[in-house]
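Topology and contacts: notes
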Number of protein chains: 2
Amino acid sequence: MSNQKKFNVAVVGATGAVGEQIIRLLETRDFPINELKLLSSPRSAGTKIKFKDKEVTVEAATAQSFEGVDIALFSAGGDVSKELAPLAAAGGTVCIDNTSAFRMDPNTPLVVPEVNIDAIQEHKGIIANPNCSTIQMVAALKPLYDRYGISKIIVSTYQAVSGSGSKAIDEMLRQSREVLAGNPVNPDILPVGSLPVKHQIAFNAIPQIDKFLDNGFTNEEMKMINETKKIMQDESIQVTATCVRIPVVYGHSESVYVELKEDFEMEEVLRLIADAPGIVLQDNPQEQQYPLATDAAGKLETFVGRVRRDLNNTRALNMWIVSDNLLKGAAWNAVQIAEHIAQEQK
Amino acid sequence: MSNQKKFNVAVVGATGAVGEQIIRLLETRDFPINELKLLSSPRSAGTKIKFKDKEVTVEAATAQSFEGVDIALFSAGGDVSKELAPLAAAGGTVCIDNTSAFRMDPNTPLVVPEVNIDAIQEHKGIIANPNCSTIQMVAALKPLYDRYGISKIIVSTYQAVSGSGSKAIDEMLRQSREVLAGNPVNPDILPVGSLPVKHQIAFNAIPQIDKFLDNGFTNEEMKMINETKKIMQDESIQVTATCVRIPVVYGHSESVYVELKEDFEMEEVLRLIADAPGIVLQDNPQEQQYPLATDAAGKLETFVGRVRRDLNNTRALNMWIVSDNLLKGAAWNAVQIAEHIAQEQK
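Per chain, the residues get numbers from 1 upward, laid out in the order the sequence is written. Ligands are numbered from 1 and chains lettered from A, in the order in which they are written. Restriction of local features to residues with pLDDT of at least 70 applies here, the model being predicted, together with a cutoff of 80 or more for giving and counting side-chain atom pairs; totals for whole chains, interfaces and linings are based on all residues. As a convention, hydrogens and water are excluded, and side-chain values are obtained from all of the structure's heavy atoms.

Some remarks on the domain arrangement of chain A
Residue and element names in this part refer to chain A. Residue ranges for the domains trace back to a domain assignment, done automatically or taken from a database. When the domains of chain A are assigned, the result is domain 1 (7-129 + 330-345) and domain 2 (134-325). Placing a centre on the C-alpha atoms of domain 1 and another on those of domain 2 gives a separation of 25 Å. Taken together, the contact pairs 18 residues of domain 1 with 16 residues of domain 2. When two components associate, each loses some accessible surface as probed by a 1.4 Å sphere; the sum of these losses over both components is called the buried area. Interface area, domain 1 with domain 2, both sides summed: about 1500 Å², of which 67% is carbon and sulfur. When the buried surface of domain 1 facing domain 2 is broken down by residue, L110, E114 and V115 rank first, second and third, together holding 34% of it. We define a salt bridge as a contact between a side-chain nitrogen of Lys or Arg and a carboxyl oxygen of Asp or Glu at a distance within 4 Å. Linking domain 1 with domain 2 are 1 salt bridge, by the criterion used here. In this structure, the salt-bridge partner of R103 is E227, at a minimum N-O distance of 3.3 Å. Any pair of nitrogen or oxygen atoms within 3.5 Å is treated as a polar contact; in protein, a donor-acceptor pairing is required on top of that, and neighbouring residues in sequence qualify only through side-chain atoms on both sides. At the junction of domain 1 and domain 2, the tally comes to 6 residue pairs in polar contact (both at pLDDT 80 or more). A per-class count over the side of domain 1 that touches domain 2 returns 10 nonpolar, 5 polar and 3 charged. Between two residues, a contact is recorded if the distance between any of their heavy atoms is within 4.5 Å. Three classes are used, and their members are as follows: Ala, Val, Leu, Ile, Met, Phe, Trp, Tyr, Cys and Pro are nonpolar, Asp, Glu, Lys and Arg are charged, and the others, Gly among them, are polar.

Let's talk about the pattern of salt bridges
Taken as a whole, this structure holds 26 salt bridges over all chains when the rule is applied. R147 of chain A serves as the salt-bridge partner of E268 of chain A, at 3.1 Å between the closest nitrogen and oxygen. Residue E268 of chain A is found in helix 7 (residues 266-275), and its partner R147 of chain A is found in helix 4 (residues 132-148); the two are separated by 121 residues along the sequence. The closest approach of N and O atoms between R315 of chain B and D263 of chain B, which form a salt bridge, is 2.8 Å. Note that R315 of chain B is positioned in the loop between strand 13 (302-309) and strand 14 (316-323) and D263 of chain B in the loop between strand 11 (252-260) and helix 7 (266-275), a separation of 52 residues in sequence. Burial here depends on accessible area, computed with a 1.4 Å probe over protein chains only, as a share of the maximum for the residue type. Under 20% is buried, over 50% is exposed, and the range in between is partly exposed. Residue classification places R315 of chain B among the partly exposed residues on the basis of a relative accessible area of 34%. Here a strand is any run of E in DSSP of at least two residues, a helix any run of H or I of at least four, and the numbering for each starts at the N terminus.

Digging into the pairing of strand 11 of chain B
Residue and element names in this part refer to chain B. Counting buried residues in strand 11 gives 8 out of 9 residues, a clear majority hidden from the surface. Any two strands with at least two DSSP-identified bridges between them are counted as paired. Where strand 9 (residues 150-158) lies against strand 11, 8 bridges are found, and the strand directions are antiparallel. Note on strand 11: the bridge partner recorded for I150 is L260. The pairing of strand 11 with strand 14 spans 8 bridges and is classified as antiparallel. Each bridged residue has a counterpart across the sheet, and for S255 the counterpart in strand 14 is W320.

Digging into the sheet that holds strand 10 (residues 238-242) of chain B
Residue and element names in this part refer to chain B. Pairing within the open sheet is mixed, and its 6 strands lie in the order 10-9-11-14-13-12. Edge positions in the open sheet fall to strand 10 and strand 12 (279-281), since each of these has one partner strand only. Across the sheet, the mean angle separating the axes of adjacent strands is 25 degrees when strand polarity is ignored. Packed onto the sheet, helix 6 (residues 219-232) meets strand 9, strand 10 and strand 11 and runs at close to 160 degrees relative to strand 10. An axis is simply a line fitted to the C-alpha atoms; with a helix, the fit covers only the stretch in contact. Between two such axes, the angle follows the N-to-C directions and lies from 0 to 180 degrees.

So this is what it looks like as structure tokens:
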């Protein structure tokens, strides 16, 4: 990447679970950086973070932070993005936003590079990163969509606690220790930090991620439903989701039933998945090989297995899709978008 | 229950996870017992188990063990049932078998009392208890089946390790301690004791329960598919299952999509579920109330929540079904059957 244009890059939410991964990826991917600005809430300002051979001091994010910044990656919560991203964009910064703030905004492209990279052309300063559980599903289904079309998706998720941030990881590990010691568990954060009722996550499964809407679905479920249609640019896909938190640290797993629009041969389906960018087919039942959250943790790819023809609907498939929710589900997808932006401007 | 006939009862597999629960239930339900015989493998024979005010010594199960026994409850593995249940039945013992040995045998009724208690009339000495994951699902869906008919079920499970026995519980707790201590995990039992490849269950989700068949489904998944049709006495129900083990000790959870044959009103659906025998409706999203494995553990009922109309198919519902897999999923369903047998012969 020598001799290419270098960029002033800002990471907003630099001390959070996703921000940490973004910084690590910018480093390991050798992103063409001129100046790196690490931003956070005033509370975390002053923290020093190592980046390559130097230390960068985290600054409090303000409207002025983005002067001269070419690319900003936001993962500091929806409110911060809503306040600062439009200001940064107005000043010429390309903002890649990992929150839900702009995902369904018709003027904001919602991008999974393996699926709809062309959509970034239409950005008006802000590009949205989809929800973690959506990204891995559409990445895995895209090759099948292109070849056969998709009429229906019914997904049940098995989501890691890291999707709720570092404090939820701490809570789950703390609760696990308490249960193993025979002590009472005092839930404090999950399922939803801002809601009054808390449930034990250790050795449990909680069928609530984010708040409930009047239709009985949660926000997380509606994100999967609505974002899938937007990313695929196909409002006709029928999506149903049930989103469940389980005691896993890193890696979302998904049980997916997908109904295609055409007949298919299993051999071709498996080849299409295996050949798709960013996808690893891990599917050998006889060797008991299939994707596992513990294997996917720390990896950039999305892993697909348990691929089998439905026994009732010959146009339907069942499969198991796993990816690291902080990487492909968040930081890596955002850095991939940044790499495309950089590539275009070089 | 005074003055009623008392029965000679045998529990085969008395020292196992399910056997222990059966003994506890016979005690707390005050089952009309004349003599209680506790049977096991030769290895566990000699163990003393308290039953009411006396101690019962566990004996090695042999063909001769069933002389004079009226009712025998088997949960010592399929091989033991295959060998001993037909002999016991030939000698006049009514065998309630908790293994998969006779479930799909056309001459053996497969019974969930809330669903098809009348089927016990046709028994020829053996009555089969369905698979744990099947029992709670059909119990919850029965009121909807009766009112609207069911055309399709797509289920993804979140199954507790106790379904694989006491040693799997020990393994999961041991692995959890190792992970929390930062030590390596050495999987030894799960996903399937008799197969060569082992996977970590602590802080993970394993999409394999039981062995794989050539169609890509596991035995556990095919049990849910085939047993549902047999219990409902309706081969036309299309069932698809993905069965997943998660790090929970007691209580299977299930994400169920069900397509009914008729239009429905949500109010009636909720009332039918709430009024169904053995079912508790726990469904108040605004209060963040829904079934949880940790709440269901130790309880006899099946809990249903997250009931919502599908957004794409107006004849379909999504719901979350949870029950203690060792109780309604095994021991309690078997004891319920025994109570019906006793009731008929009194």
